[in-house]
Amino acid sequence: DSRTSSIVLHNLLIAVLAFIWLVPIIWLVCTSFSAYSGMNTSTFFPKEWSITNYLKLFHPDSVSQFPQWFLNTFIIACFTCVISTMFVLMVAYATSVMRFKMRKPLMNMAVILNLFPGMLAMIAVYFTLKSFNLTNSYAGLIMVYSASSGLGYLIAKGFFDTIPIALDEAAMLDGATKFQVLLKIIMPLSKPIIVYTLLTSFAGPFKDFMLAKVLCGPNKAYFTVAVGMYQMLEQEYIDQWFCSFAAAAVIISIPIAALFLATQKYYTVGVGGAVKG
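Predicted model only: the values in this text are computed from it and were never measured.

Q: So what exactly am I meant to see when it comes to the packing of aromatic side chains here?
A: Pairs of aromatic rings are described using the distance from one ring centre to the other and the angle between the two planes. What the rule picks out here adds up to 14 aromatic pairs. Relative to F45, the ring of F44 lies with its centre 4.8 Å away and its plane at 75°, an arrangement referred to as edge-to-face. With a relative accessible area of 48%, F45 lands in the partly exposed category. Ring geometry for F58 versus F66: centroids 6.0 Å apart, planes at 90°, classification edge-to-face. Assessed through its relative accessible area of 46%, F58 is described here as partly exposed. Its relative accessible area of 1% is what places F66 among the buried residues.

Put into structure tokens, the structure is as follows:
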């Protein structure tokens, strides 16, 4: 019947889209295990397989210092995801539950500012951090990635709006402060949005290139993985480092994938049953 045909067509469309999405990932993984160092454009799968490109990454030289780049990015990502998540949750809770003057104008202003890419302010950010000697440092990048994270409160606010206000009111009647309500009642019910915020905040430093390129300076020891890997694609290095670039791309996906798998179960946690009667 028409319903069955519709379901089959929908599933077929999803399968096609999934295949299209997986093809470049499969190609990247296969390329990372190629026995060659340069780009292979003649065949999809390598004719010879090897782990040489992975081993090459962990032997730092004048071109690649991947272990240091990965450590830099991992430390920055860990601090950023914690600080950013705190900022996002506090701003989202305040705008969702509290009513104060200028609330709506401030919310609108935050949404508008968040629409502009951060790179528009990177020159001003660079000179500001330079005046405090915070370029080429963990602290500078952590501050840049975390400082404006509260502007991305809108998704978290939408989730908090679904939590019954009766929970807040009951806790306030029992003498709890707003912060205690957020910490002990709202956050345990908000695991899905907390996990989402953690993941996006953690992945940010791994993906960012423009701001990191400006703030890291010329010293390779301070590079993040995005900045360091980009130079592998420069004209003088690409023939010797392209497959190592693919291997590096596979490696940096591991912590993000591991964090997602470790927190995946919390996506299904809801607030059902929190209020009865």
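Once you've had a look at it, read on.
Q: Help me out: how do you make sense of the state of the cysteines in this one?
A: Here a disulfide denotes a covalent bond joining the sulfur atom of one cysteine to the sulfur atom of another. For the structure on display, the rule yields 0 disulfides. Of all cysteine sulfurs in the structure, the one in C81 sits closest to C78, which takes part in no disulfide; the separation is 5.8 Å. With a relative accessible area of 26%, C78 lands in the partly exposed category. Summary of cysteine pairing: C243 is not part of a disulfide, and the nearest cysteine sulfur, belonging to C30, is at 11 Å. For C243, a relative accessible area of 1% puts it in the buried group.

Q: Explain the layout of surface pockets here, please?
A: Empty space among the atoms becomes visible once a probe the size of a water molecule is rolled across them. Of the pockets and cavities examined, the largest pocket occupies roughly 1100 Å³. Every residue lining the largest pocket is counted, 36 residues in all, and those nearest its centre are N114, V144, Y145, S148 and S149. Looking at the lining of the largest pocket, the elements that each hand over two or more residues are α3 (66-97), α4 (103-115), α5 (122-131), α6 (138-147), α7 (154-160), α10 (191-207) and α11 (210-216). The greatest single-element share of the lining of the largest pocket, amounting to 8 residues, is contributed by α10. Each pocket or cavity is described by its volume, and for the second largest pocket that value is around 160 Å³. Taken together, I25, L28, V29, A249, V250, S253 and A257 form the lining of the second largest pocket. Looking at the lining of the second largest pocket, the elements with two or more residues in it are α1 (2-32) and α13 (238-263). Of the residues contributing to the lining of the second largest pocket, the split by class is 6 nonpolar, 1 polar and no charged.

Q: Explanation requested: the packing of α3 against α10 in the structure shown.
A: Contact geometry for α3 and α10: axes closest at 7 Å, N-to-C directions at 145°. When you trace α3 past α10, the crossing you get is right-handed. Judged by residue contacts, F70, T73, F74, I76, A77, C78, T80, C81, S84, T85, V88 and L89 of α3 engage I193, I194, T197, L198, S201, F202, P205 and F206 from α10.

Q: Even after reading the chapter, I still don't get unusual backbone geometry, so can you show me in this structure?
A: In terms of backbone geometry, most residues other than glycine have negative phi values and most peptide bonds are trans. Notably, M102 is not glycine yet its phi reads approximately 65°, a positive angle. Mapped onto the elements of the fold, M102 is located in the loop between α3 and α4. Phi at N133 takes a positive value of approximately 60°, unusual for a residue other than glycine. Within the secondary structure, N133 sits in the loop between α5 and α6.

Q: Would you take a moment to explain the packing of α1 against α13 for this structure?
A: A packed helix pair is summarised by two numbers, namely the angle formed by the two axes and the spacing between the axes. For the pair α1 and α13, the least separation of the axes is 8 Å and the interaxial angle reads 120°. One element, α1, and the other, α13, form an angle in the oblique class. α1 and α13 meet at a crossing whose hand is left-handed. In this structure, α1 contributes W27, L28, V29, T31 and S32 to the contact, and α13 contributes F242, C243, A246, A247, A249 and V250. Partitioning the contact of α1 with α13 into residue classes produces 9 nonpolar, 2 polar and no charged.

Q: I tried to follow the environment of T128 on my own but got confused; where do I start?
A: Structurally, T128 can be placed in helix α5. Among the residues examined, T128 registers a relative accessible area of 43% and is labelled partly exposed. With 10 residues separating them in the primary sequence, T128 and Y138 have C-alpha atoms 15 Å apart.

Q: I would appreciate a short explanation of the environment of G150 in the present structure.
A: As for its position among the elements, G150 is in the loop between α6 and α7. Using a relative accessible area of 12% as the deciding quantity, one classes G150 as buried. Sequence spacing of G150 and N114 is 36 residues, and the spatial spacing of their C-alpha atoms is 9.4 Å. The contact partners of G150, leaving out residues within four places of it in the chain, are F87, V88 and V91.

Q: Would you mind going over empty space enclosed by the protein with me for this structure?
A: The full count for this structure, using the stated rule, is 1 cavity of 30 Å³ or more. Estimates place the volume of the largest cavity at around 60 Å³. Lining the largest cavity we find N72, I76, N136, S137, Y138, L141, L215, C216 and Y222. For the lining of the largest cavity, the elements supplying multiple residues, two or more each, are α3, α6 and α11.

Cut-offs applied
Residues numbered from 1 in each chain as written. Predicted model: local features only at pLDDT ≥ 70, side-chain atom pairs only at ≥ 80, totals over all residues. Heavy atoms only, no water. Phe/Tyr/Trp six-rings, centres within 6.5 Å; stacked < 30°, edge-to-face > 60°. Buried < 20%, exposed > 50% of the residue type's maximum accessible area, 1.4 Å probe, protein only. Disulfide = S-S within 2.5 Å. 1 Å grid on protein atoms, 1.4 Å probe; cavity = no way out; pocket = protein on both sides within 12 Å on 5 of 7 lines; lining within 4 Å. Points joined across faces, edges and corners; volume = space filled by probe spheres on them. Helix = DSSP H or I, 4+ residues; strand = E, 2+ residues; numbered from the N terminus. Nonpolar A, V, L, I, M, F, W, Y, C, P; charged D, E, K, R; others polar. Axes fitted to C-alpha atoms, helices over the stretch in contact; angles between N-to-C directions. Left-handed = near helix turned anticlockwise from the far one by under 90°. Contact = heavy atoms within 4.5 Å. Parallel < 35°, antiparallel > 145°, perpendicular 65-115°, else oblique.

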